[in-house]
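Per-entry structural report
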Amino acid sequence: MKMSKLFVQTLREFPNDAEAISHKLLVRAGYIKKLTSGIYSYLPLMQRVLTKINKIVREEMNAAGAQELLMPFVQPAELWLKSGRWEVYGKELARLNDRHGNQMCLAPTHEEVVTSVASGILSSYKQLPVNLYHIQTKFRDEIRPRFGLLRGREFIMKDAYSFHSSQESLEEEYENMARAYTRIFKRCGLETKMVQSDSGAIGGNVSHEFMVLTSTQSGEDDVFYCENCDYAANSNHAISKLQKEFTDGAEFGYGEEKILDTPNVKTIDELAKFLKIEPYCILKAVLYIADSKPVLVMIRGDKEVEETKLLNIVNALEIRSATNEEAIEYLGCEVGYLSYLNVDRNKVKVIFDNSAKGMKNFVLGANEPHKHIVGYNFKEENEFCDVSLVKEGEYCPCCGSPLKITRGIEVGNIFQLGTKYSKPMGATYTDEKGKDKPFIMGCYGIGITRTAAAAIEKYHDDFGIVWPKEIAPYHVDIVPVNADDSEQMDVALKLYNALNSLGIETVLDDRADRAGVKFKDSELIGFPYRITVGKTIKEGFVEFKHRKSGEVEKLTPGEAVERCKQLLLN
Ligand code: ATP
Ligand code: MG
């Protein structure tokens, strides 16, 4: 490709609506152009990157035994009503009416369609297992589209769906996909960590995410992991051994139950200071509103509620903290002194976090303004469950080593869905005994556009993108320093033809611009290698520059071709 013909415009400045570095660089280097919030055109350079990622994905999915198909982007509401998701998907699902008034939606994902496709064709256990995948545009009306391609509204996903007649077969395929995913990301030049995760809107029981670990704010997930063993989990799913598993208020002189005046002492910190006690001896009460119903969470004072876990436990669609007015309405007391004592459990659901299990002689609100109870012990049998957020410094639930925390970008995930879709949709096969059974299903997603952006988050420097060579739009950029110099142009052209005929993807920067401009663009766009043909050609040499290391070699044109072959054709 001649640079003078390439459909690209690089910008001098970063766009001012971009926060994430991948977003800034993709716009500035001419890869994407915004149409409207969260919706972008993928320009020719971007399209080449996406094509390469797609190729790797296809090769590995095919090698793993999956078959490619392509399913529709616009889908009828009927299917979604059948699965039960039409009501529960919420505002992320973009809905529209066709000219006949039929309700339709833009596909945010394809479980419903693939289930209906498979159920017409797969009828016997003998045809199972089957894994079907496609690479398709999705639309999700994300509440906060941001970070460019990392969280768009329209984006490209590879999604695969498998159908089985037994849980064992599903588990085998789940492992098979996990291996394929590790290979896919590795071939894209990305190291990923497989972490346990919450299943979210997709549903199902077991799921893992593939995370690109990053320290930047664009990693939207917190990941806890253990350096001593394999344990790794998204914070919405992570569990831990607490720093102090059993606590006793008696250690601080509160071994006897009594009500104390605690005027204007509202927060855990204020209360701990006031009573000269540690927060872990306080049983905190936090009131939430889950789908308009009150839920009171009782949790140890040094711990916080993990809202995704709570959402799942109460099986709600939306959750938020209650206001002070709502606390007064449902519990008869203002925030700061709340407790589960004397609460009408028919009106307010009460949940006890596991962290409260080992508490003795603890402090809790009296459910009366400006009063707390000290030296309290549970007087009833309570059920405990996990709704708390892990804290750094707590210990690995598997081996007891301290847990580490980092940020991660989720580039892919795998789910064991079970019969979540096949059952309500009546998608069945006939088993060995002639009985109809719902398919046992798995699903497996990769964000194609997000993977490209994650690679930039990981690989860039002050000058621009540093593509891993496997997914770079072109491999080599040839820059004649002076386009008017016929000797330089001649050598550059010969190199260009030689590399192209070897199948090495090459750009020739034939523009009449100053060399400095061409070098800047070359680094910004992120070609892995640059061959500069300048004055030294008189002595028979060109300059071969490695984008990543910055290393420069002085080579003859012939040696430069050999170097490209060695670096790119293995
Ligand atoms: P997230 O938690 O980031 O919203 P998700 O759990 O909703 O992701 P899935 O529905 O399982 O994701 O989609 C599969 C993959 O599609 C994700 O792993 C991610 O790589 C990609 N993806 C999901 N939402 C977006 C988006 N808004 N923009 C770009 N890629 C996305
Ligand atoms: Mg999502």
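Residues numbered from 1 in each chain as written. Chains lettered and ligands numbered in written order. Predicted model: local features only at pLDDT ≥ 70, side-chain atom pairs only at ≥ 80, totals over all residues. Heavy atoms only, no water.

So, about unusual backbone geometry. Across the junction of Leu128 and Pro129, the peptide omega takes the value 0°, indicating a cis bond. Note on placement: Pro129 falls in the loop between α5 (111-121) and β7 (130-139). Phi is positive for Ser292, close to 70°, though the residue is something other than glycine. Locating Ser292 in the fold gives a position in the loop between β15 (282-290) and β16 (293-300). (Helix = DSSP H or I, 4+ residues; strand = E, 2+ residues; numbered from the N terminus.)

A few words on the pairing of strand β20 (residues 362-365). Sheet topology note: the β15/β20 ladder contains two bridges and is parallel. Note that in β20 the partner of Ile282 across the bridge is Val363. One ladder, built from three bridges, connects β20 with strand β21 (residues 371-376); its direction is antiparallel. From the neighbouring strand, Phe362 faces β21, where its bridge partner is Tyr376. (Pairing = 2+ DSSP bridges.)

Note on helix geometry: an α-helix contains 3.6 residues per turn, so any two residues three or four positions apart are oriented the same way. In this model helix α6 (residues 167-187) runs 30 Å from its N-terminal to its C-terminal C-alpha over 21 residues, within 8% of the 30 Å that 1.5 Å per residue would give. Every buried residue of α6 is listed here: Ser169, Leu170, Glu173, Tyr174, Asn176, Met177, Ala178, Ala180, Tyr181, Ile184 and Phe185. Just downstream of α6 lies Gly189, where phi reads positive at about 85°. (Expected span 1.5 Å × (residues − 1). Buried < 20%, exposed > 50% of the residue type's maximum accessible area, 1.4 Å probe, protein only.)

To continue, consider the site of ligand 1. Around ligand 1 sit 16 residues, and of these Arg140, Glu142, Arg151, Glu410 and Asn413 come closest. At 3.1 Å, a backbone N or O of Val411 approaches an oxygen atom of ligand 1. Asn413 places a polar side-chain atom, nitrogen or oxygen, 2.6 Å from an oxygen atom of ligand 1. With the chains in place, 86% of the 580 Å² that ligand 1 exposes on its own is no longer accessible. When residues in the shell around ligand 1 are grouped by element, the largest group, five residues, is from strand β23 (residues 403-418). Looking at side-chain class alone, the shell around ligand 1 contains seven nonpolar, four polar and five charged residues. (Near = heavy atom within 4 Å. Polar contact = N/O pair within 3.5 Å; in protein donor to acceptor, adjacent residues only side chain to side chain. Areas by Shrake-Rupley, 256 points an atom, 1.4 Å probe, with all protein chains shown as cover. Nonpolar A, V, L, I, M, F, W, Y, C, P; charged D, E, K, R; others polar.)

Looking now at the nonpolar core. Counting residues in hydrophobic clusters, the biggest one holds 60 residues, and the most contacted among them are Tyr31, Met46, Met61, Tyr181 and Trp467. Residues from two domains meet in this core; each of domain 1 (48-239 + 405-457) and domain 3 (476-568) gives at least three. For Tyr31, the contacting residues outside a window of four places in its chain are Leu26, Ser41, Tyr42, Leu43, Leu45, Met46, Val49, Ile465, Trp467, Pro473 and Ile525. Among the nonpolar cores identified, the runner-up in size contains 26 residues, and Trp80, Tyr161, Leu417 and Met441 belong to it. (Core = buried A, V, L, I, M, F, W, Y, C linked by side-chain atoms within 4.5 Å. Domains from an automatic or database assignment. Contact = heavy atoms within 4.5 Å.)

Position of Asp353 among the secondary structure elements: in strand β18 (residues 349-353). Using a relative accessible area of 0% as the deciding quantity, one classes Asp353 as buried. Spatially, the C-alpha atom of Asp353 lies 35 Å from that of Glu191, the residues being 162 residues apart in sequence.

This part covers the sheet that holds strand β29 (residues 476-480). Read from one edge to the other, the open sheet built from five strands follows the order β30-β29-β31-β32-β33, with strand pairing classed as mixed. Across the chains shown, the open sheet's two edge strands, defined by having one partner strand only, are β30 (506-508) and β33 (552-555). The mean angle between the axes of side-by-side strands here comes to 20°, regardless of whether they run parallel or antiparallel. Two elements, strand β31 (residues 529-533) and strand β32 (residues 542-546), share four bridges in a ladder whose sense is antiparallel. (Axes fitted to C-alpha atoms, helices over the stretch in contact; angles between N-to-C directions.)

For the rest of this paragraph, the subject is the packing of helix α1 (residues 21-28) against helix α11 (residues 448-458). Running from N to C, α1 and α11 point in directions that differ by 105°, and their axes come no closer than 8 Å. Of the possible angle classes, the one that applies to α1 and α11 is roughly perpendicular. Here α1 contributes Ile21, Ser22, Leu25 and Leu26 to the contact with α11, which in turn contributes Ala453, Ile456 and Glu457. (Parallel < 35°, antiparallel > 145°, perpendicular 65-115°, else oblique.)

The description of an aromatic ring pair rests on the distance of the ring centres and on the angle between the ring planes. This model, assessed by the stated rule, comprises 15 aromatic pairs. Pairing Tyr340 with Phe378 gives two aromatic rings, centres 6.3 Å apart and planes at 45°, and the pair type is tilted. Of this pair, Tyr340 sits in the loop between α9 (324-331) and β18 while Phe378 sits in the loop between β21 and β22 (384-385), and the two are 38 residues apart along the sequence. Its relative accessible area of 3% is what places Tyr340 among the buried residues. (Phe/Tyr/Trp six-rings, centres within 6.5 Å; stacked < 30°, edge-to-face > 60°.)

The next subject is the sheet that holds strand β6 (residues 103-106). Strand order in the open sheet formed by three strands is β4-β6-β5, and the pairing between neighbours is antiparallel. Looking along the sheet, the strands with just one partner apiece sit at the ends: β4 (74-76) and β5 (95-97). The average undirected angle you get between the axes of adjacent strands in this sheet is 40°. The pairing of β5 with β6 spans three bridges and is antiparallel. Bridge assignment links Leu96 to a residue of β6, and that residue is Met104.

Here we take up the pairing of β18. Of all five residues making up β18, four are buried, and the element is well covered by its neighbours. Note: β16 against β18, four bridges, orientation parallel. The residue bridging Val295 from the neighbouring strand is Lys349, located in β18. Relative to β22, β18 is paired through two bridges, and the arrangement is parallel. In the strand pairing of β22, Asp353 is matched with Cys385.

Closest axis-to-axis distance for the helix α2 (residues 44-63)/α11 pair is 10 Å, and the angle between their directions is 110°. When the interaxial angle is binned, α2 and α11 end up roughly perpendicular. Seen from above, α2 lies across α11 with right-handed handedness. Of the residues in α11, those touching α2 at Met46, Val49, Leu50, Ile53, Asn54 and Val57 are Ile448, Thr449, Thr451 and Ala452. Its residues placed into classes, the contact of α2 with α11 shows seven nonpolar, three polar and no charged. (Left-handed = near helix turned anticlockwise from the far one by under 90°.)

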